[in-house]
Amino acid sequence: MAGHRQSKKRRYVTWAVAGTAVLAGAGIAAQTSMAATTWPAQKTFTGRAFDTCTAPSEATMKAWHTGFYGAAAVYVGGKNRGCNQPNLTSTWVKNVTAMGWKLIPLYVGAQPPCQSGSNPEKLTATTAASLGASDAADAVAKASALGMKAGSPVYLDMEAYDSTNKACNDAVLTYVRAFDKGLRAKTYRTGYYGFTSSSAKAVATATDKTDLPGNLWYALWDKQNTTTADWPWGATQFTDHSRAHQYMVNSKEAHGGVTLTVDRDAWDAPVAITG
């Protein structure tokens, strides 16, 4: 997602500081307090996905449906979403899924208090819980309005920060837990996008896993199309179709005669339930 909310240079500086569609019930075990709810079966995609800041036109999505990619991430909302979305409507969602695309909802919520630069929405230790809850409600409303039904995931985008700053890290985890609880209350699954050096690491290595997301999308730009070979944490974590890996950024490529600059992802995790 380089350059999508922050400039490419800033993202590298910040970071330095710090298929097949199947129905399954995976990705729930890592989230707590879910047993009392009847959940729709998880819709999982396993294969190559891409993400780009502005959702492409229907014509571009049709041209790009060559088999190289099977899923696309779309920015459904968040005050820190960096691009306008003129194409992203419920009609667009209906039409591109009819083409065969699987969609990955991404929400750019509040960012850490110790993160460099400014964002329209930053959390603090005082506001973390309330912002997490309100952003979760907004994320569900935005995804639902696009035709992404209960049981769908929403991936919370947390950019890189100094996770060794305990106060900052604690505030981030408070926010993430509130966001997770808010989504689950509406029967939406929680995913989380972050960097292996900081934001993803904070979730993966947290001693207390309570109310943390059950699906982890990790940014590690090593150009390896895998969710296993370079997985940096315990082999038993985020198993059973709960991992995604952003392995390449700013890749200018053409499919079906149409050129886009995208980030590449290896995907083995939930995607939106539509239709």
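Here the structure is shown first, and the text comes after it.
Residues numbered from 1 in each chain as written. Predicted model: local features only at pLDDT ≥ 70, side-chain atom pairs only at ≥ 80, totals over all residues. Heavy atoms only, no water.

Give a description of the nonpolar core that names residues and reports values.
Counting 53 residues, the largest nonpolar core has W92, M148, Y175 and F179 as the members making the most contacts within it. Of all the elements, helix 5 (residues 166-185) adds the most residues to this core, at eight residues. Once residues within four sequence positions are removed from consideration, M148 is found in contact with V74, V76, V93, L103, P105, A143, Y188, A272, I273 and T274. Judged by nonpolar contacts, the second largest core, of 20 residues, contains A71, V108, W217 and A244. (Core = buried A, V, L, I, M, F, W, Y, C linked by side-chain atoms within 4.5 Å. Buried < 20%, exposed > 50% of the residue type's maximum accessible area, 1.4 Å probe, protein only. Helix = DSSP H or I, 4+ residues; strand = E, 2+ residues; numbered from the N terminus. Contact = heavy atoms within 4.5 Å.)

Give a description of the packing of helix 4 (residues 128-145) against helix 5 that names residues and reports values.
Interhelical geometry of helix 4 versus helix 5 gives an angle of 35° and a closest axis separation of 7 Å. Pair helix 4 / helix 5 crosses with right-handed handedness. Contact residues: helix 4 offers A128, A129, L131, G132, A133, D135, A136, A139 and V140, while helix 5 offers A171, T174, Y175, A178, F179, G182 and L183. Looking at side-chain class alone, the contact of helix 4 with helix 5 contains twelve nonpolar, three polar and one charged residues. (Axes fitted to C-alpha atoms, helices over the stretch in contact; angles between N-to-C directions. Left-handed = near helix turned anticlockwise from the far one by under 90°. Nonpolar A, V, L, I, M, F, W, Y, C, P; charged D, E, K, R; others polar.)

Got a sec to walk through the packing of aromatic side chains? Specific residues and values, please.
Following the criterion strictly, the structure yields 17 aromatic pairs and no others. Geometrically, the ring pair formed by F50 and W101 is edge-to-face, given 5.7 Å between the ring centres and 85° between the ring planes. With F50 in strand 2 (residues 42-51) and W101 in the loop between helix 3 (90-99) and strand 4 (102-107), this pair connects stretches of sequence that are 51 residues apart. For the pair formed by F50 and W101, the shared burial category is buried. On the basis of an interplanar angle of 85° and a centroid distance of 4.8 Å, the ring pair of F68 and Y69 is categorised as edge-to-face. For F68, a relative accessible area of 27% puts it in the partly exposed group. Among the aromatic residues, those joined into a cluster by ring pairs are Y155, Y193, F195, W217, W221 and W267. Positioned above the aromatic ring of F68, the side-chain terminus of R48 is 4.0 Å from the ring centre. (Phe/Tyr/Trp six-rings, centres within 6.5 Å; stacked < 30°, edge-to-face > 60°. Lys NZ or Arg CZ within 6 Å of the ring centre and 35° of its normal.)

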